[in-house]
Amino acid sequence: MESSEDAVTPPTDATAVPQHGYTANKEAYLLRLKRIEGQVRGIARMVDEDKYCIDILTQVAAVNKALHAVSLGLVEEHIGHCVVGAASEPDPALRAEAIDFKVKEATNAIGRLLR
């Protein structure tokens, strides 16, 4: 029996860009990540300038919160696109396996976020 990974066929057009759950919001994610990158640079600058430790920790907490927001958005996009996509697999024998694979994939990702 094919695995769910085998059931996914890559686009035949070499120029085709794969569609992921976040593709429609890619620019917004990139903008948020660039903002976070700037915050991290600001934290490094604070350390370099010997700023007060509590002020630095406050900024670290803000970066963590921003990254968690990005992570939750990506999880939501994965469930809404990839898991739902697996549920629309036309072959009933592959559908259950594809759904199971995508749900486990999401669960493992959430587990990594909670560590």
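These remarks concern the structure in this document. Please read these numbers as outputs of a predicted model, since none were measured by experiment.

Describing the packing of helix 3 (residues 53-87) against helix 4 (residues 92-114)
Link 1 in the chain: Contact pair helix 3 / helix 4: the axes reach a minimum separation of 8 Å and the direction vectors enclose 170°. Judged by the angle between their axes, helix 3 and helix 4 are roughly antiparallel. Every residue of helix 4 that contacts helix 3 at S71, V75, H78, C82, V83, A86 and A87 is listed here: R95, A98, I99, K102, V103, E105, A106, I110 and L113.
Link 2 in the chain: Of the residues in the contact of helix 3 with helix 4, the class split is 11 nonpolar, two polar and three charged.

A short note on the side chain of E89
Link 1 in the chain: Residue position: E89 is located in the loop between helix 3 and helix 4.
Link 2 in the chain: Within the buried core, E89 has no salt-bridge partner, and the shortest N-O distance to an opposite charge, that of R95, equals 6.9 Å.
Link 3 in the chain: The contacts of E89, once residues within four sequence positions are left out, are L94 and R95.

Some points on the packing of aromatic side chains
Link 1 in the chain: Taken as a whole and assessed by the stated rule, the structure comprises one aromatic pair.
Link 2 in the chain: Taking the centre distance of 6.5 Å and the plane angle of 85° together, the rings of Y22 and Y29 count as edge-to-face.
Link 3 in the chain: Under the relative-accessibility criterion, Y29 is labelled buried at 10%.

A short note on a nonpolar patch on the surface
Link 1 in the chain: A surface patch of nonpolar side chains, amounting to about 210 Å² of accessible area, comprises L30, L33 and L67.
Link 2 in the chain: Among the structural elements, L67 can be located in helix 3.
Link 3 in the chain: On the basis of relative accessibility, which here comes to 35%, the residue L67 falls in the partly exposed class.

Some points on the nonpolar core
Link 1 in the chain: With seven residues, the main nonpolar core is built from Y29, I36, I43, M46, I56, V63 and V70.
Link 2 in the chain: Those elements that place two or more of their residues in this core are helix 2 (26-48) and helix 3.

The rules behind these values
- Here the residue numbering is sequential within each chain, running from 1 through the sequence in written order.
- Owing to the predicted nature of the model, reporting of local features is limited to residues with pLDDT of at least 70; listing and counting of side-chain atom pairs is limited to 80 or more, with chain, interface and lining totals taken over all residues.
- The side-chain numbers reported here are obtained from all heavy atoms of the structure, hydrogens and water having been left aside.
- Orientation is described by axes fitted as lines to C-alpha atoms, over the contacting stretch for helices, and by angles from 0 to 180 degrees between their N-to-C directions.
- Under the DSSP-based scheme used, a helix requires at least four consecutive residues in state H or I and a strand at least two consecutive residues in state E, with every element numbered from the N terminus.
- Just so you know how the angles are binned, under 35 degrees is roughly parallel, over 145 roughly antiparallel, 65 to 115 roughly perpendicular, and the rest oblique.
- Contacts are assigned to residue pairs with any non-hydrogen atoms lying within 4.5 Å of each other.
- Three categories are distinguished: nonpolar for Ala, Val, Leu, Ile, Met, Phe, Trp, Tyr, Cys and Pro, charged for Asp, Glu, Lys and Arg, and polar for the others, with Gly belonging to the last.
- Each residue's exposure class comes from its accessible area (1.4 Å probe, protein chains only) as a fraction of the maximum for that residue type: buried when under 20%, exposed when over 50%, partly exposed otherwise.
- Charged residues are defined here as Lys and Arg on the positive side and Asp and Glu on the negative side; His and the ends of the chain fall outside this count.
- By definition here, a salt bridge exists when the distance from a side-chain nitrogen of Lys or Arg to a carboxyl oxygen of Asp or Glu is within 4 Å.
- Two rings belonging to Phe, Tyr or Trp (six-membered ring only in the last case) form a pair when the distance between their centres is within 6.5 Å. Interplanar angles under 30 degrees mark stacking, angles over 60 mark edge-to-face geometry, and anything in between is tilted.
- Note that patches include only residues with greater than 30% relative accessible area and no salt bridge, and the join distances are 9 Å for like charges and 5 Å for nonpolar side chains (Val, Leu, Ile, Met, Phe, Trp, Tyr).
- Computed with a 1.4 Å probe, the accessible areas rest on the Shrake-Rupley method; for each residue, only the protein chains presented here act as cover.
- To qualify as a nonpolar core, a set must consist of buried Ala, Val, Leu, Ile, Met, Phe, Trp, Tyr and Cys residues joined through side-chain atoms within 4.5 Å.

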